[in-house]
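A closer look at the structure
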Amino acid sequence: MPRAIISPSVLASDFGQLSAECKRMIKGGAEWLHMDVMDGHFVPNISMGAPVLSCVYKGVPGIFMDCHMMVAQPEKWVNDIADAGGSLYCFHIEATSDAVSLINAIHARNMKAGVAISPDTPSTAITDEIGAAADMLLVMTVYPGRGGQKFIERCVPKVAELRARFPEKDIEVDGGVGPKTIDVCANAGSNVIVAGTAIFNAPKPEDVIASLKDTVNTAQARFSK
């Protein structure tokens, strides 16, 4: 049974205190930190890149950086992100023509490999071969490129379809996820939860993290029966 992992999205943090914000999340029970890398090509916004990740890695010992690569040429940045301390490199399937080779390149740099699909991309775009090679599958529940969007519920069946095919795989949801939308995500089979404003803006982030984790663990226990 895949375990519950909460990955707060630093896009919702105070970038002026990025390392301190990451430490605050880890202290509150977060195992991963979700780092949104945007290039201004695959998505319209620009966020952060390898130099920023490198600084965070040096400032936060032992951090697991879940790097969501919203970039047009994901093959181009594998070495830079690995050198910066990235733990997981998640690329968009829409941005590459050879996902398996890219997964192999990511593994060659000792990072976990994730494959993301945008709201308009069917889950079947992740073939059995690609899904088996990847370490994590990401179902976007908003359009990639900016934080604070409303959760798109029509994406949830894709989580269930992927969970049916990959019962032991980490399946992540990202976009508009929080206490009000966690149930439907967890019940569909997602075990890795990305949440931004719902955690960072909470009076007690540790309570939100614990609640999200409990909901996922309860749902995963039902799947394992």
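A short tour of the structure in this document, coming up. In this text the structure is predicted, and so the values were computed from the model without any measurement.

**Re the overall build of the protein chain**
Broken down by element type, the protein chain carries nine helices and eight strands. A compact globule built from 225 residues would reach a C-alpha radius of gyration of about 17 Å, and the protein chain, at 16 Å, matches this within 12%. Dimensions of the protein chain along its principal axes, counting C-alpha atoms only, are 45 × 45 × 30 Å. Out of the 225 residues in the protein chain, the part that is buried amounts to 56%. In the protein chain, 66% of the contacts between residues at least 6 apart in sequence involve partners at least 24 apart. When the accessible area of the protein chain is evaluated, it comes to approximately 9,600 Å², of which 52% is carbon and sulfur surface. Treating the 20 positive side-chain charges of the protein chain as one cloud and the 25 negative ones as another, the clouds have centres 5 Å apart.

**A word on the pairing of strand E3 (residues 65–70)**
Remember that side chains alternate between the two faces of the sheet whenever the strand is regular. Most of E3 is tucked away, with six of its six residues classed as buried. Here E3 shows two buried faces, one formed by Met65, Cys67 and Met69 and the other by Asp66, His68 and Met70. Direction of pairing for strand E2 (residues 33–38) relative to E3: parallel, over a ladder of six bridges. Paired with Val37 across the strands is Met69, a residue of E3. As for the winding sense of the linkage, the β-α-β connection from E2 through helix H2 (residues 50–59) to E3 is right-handed. As paired strands, E3 and strand E4 (residues 88–92) are joined by four bridges and run parallel to one another.

**A short note on the nonpolar core**
Among the nonpolar cores identified, the biggest contains 64 residues, and Leu53 and Val115 are the most heavily contacted of them. Once residues within four sequence positions are removed from consideration, Val115 is found in contact with Cys90, Phe91, Ile93, Ile103, Ile126, Ile130, Ala134, Met136, Leu137 and Leu138. Judged by nonpolar contacts, the second largest core, of 11 residues, contains Leu88, Met136, Leu138 and Val142.

**What about the sheet that holds strand E6 (residues 136–140)?**
Across the sheet, which stays open at both edges, the eight strands sit in the order E1-E8-E7-E6-E5-E4-E3-E2 with parallel pairing between neighbours. Both edges of this open sheet fall to strand E1 (5–8) and E2, since each of them pairs with a single strand only. With strand direction ignored, the average angle separating the axes of adjacent strands in the sheet is 25°. Strand direction decides the pairing type here: E6 and strand E7 (residues 170–174), joined by five bridges, are parallel. Directly across from Met140, in E7, lies its bridge partner Asp174.

**Quick look at the pairing of strand E5 (residues 112–117)**
Counting buried positions along E5 gives five out of six residues, so the element sits mostly inside the fold. By the bridge criterion, five bridges tie E4 to E5 in an arrangement that is parallel. Paired with Cys90 across the two strands is Gly114, which belongs to E5. Read from E4 through helix H4 (residues 99–108) to E5, the crossover connection turns out right-handed. With four bridges joining them, E5 and E6 adopt parallel strand pairing. Across the sheet, the residue bridging to Val115 is Leu137, located in E6.

**Quick look at the side chain of Ser13**
On the secondary structure map, Ser13 appears in the loop between E1 and helix H1 (18–27). The exposure class of Ser13 is buried, given its relative accessible area of 12%. At a separation of 2.6 Å, a polar atom in the side chain of Ser13 contacts the main-chain carbonyl oxygen of Val10. Not counting the four nearest positions on each side in its chain, Ser13 is found in contact with Leu18, Glu21 and Phe200.

**Overview of the packing of aromatic side chains**
Taken as a whole and assessed by the stated rule, the structure comprises one aromatic pair. Judged by centre distance (4.5 Å) and plane angle (15°), the ring pair of Trp32 and Phe64 falls under stacked. In this pair, Trp32 sits in the loop between H1 and E2 while Phe64 sits in the loop between H2 and E3, placing the two residues 32 residues apart along the sequence. For Trp32, a relative accessible area of 5% translates into the label buried.

**With respect to H4**
The set of residues buried in H4 consists of Ala99, Leu102, Ile103 and Ile106. The buried side chains of H4 occupy one side of the element, clustering within an arc of 100° when seen end-on. Turning to H4, the residues buried within the fold contact helix H3 (78–83), E4, E5 and helix H5 (128–133). Asn110 sits one or two positions beyond H4 and adopts a positive phi of about 60°.

What counts, and where the lines are drawn
- Residues numbered from 1 in each chain as written.
- Predicted model: local features only at pLDDT ≥ 70, side-chain atom pairs only at ≥ 80, totals over all residues.
- Heavy atoms only, no water.
- Helix = DSSP H or I, 4+ residues; strand = E, 2+ residues; numbered from the N terminus.
- Rg over C-alpha atoms; globule rule 2.2 N^0.38 Å.
- Buried < 20%, exposed > 50% of the residue type's maximum accessible area, 1.4 Å probe, protein only.
- Contact = heavy atoms within 4.5 Å.
- Areas by Shrake-Rupley, 256 points an atom, 1.4 Å probe, with all protein chains shown as cover.
- Lys, Arg positive; Asp, Glu negative; His and termini not counted.
- Charge placed at Lys NZ, Arg CZ, Asp CG, Glu CD.
- Pairing = 2+ DSSP bridges.
- Right-handed = clockwise from strand over helix to strand, strands pointing away.
- Core = buried A, V, L, I, M, F, W, Y, C linked by side-chain atoms within 4.5 Å.
- Axes fitted to C-alpha atoms, helices over the stretch in contact; angles between N-to-C directions.
- Polar contact = N/O pair within 3.5 Å; in protein donor to acceptor, adjacent residues only side chain to side chain.
- Phe/Tyr/Trp six-rings, centres within 6.5 Å; stacked < 30°, edge-to-face > 60°.
- Arc of directions from axis to C-beta.

Keep in mind these values describe shape, not function.
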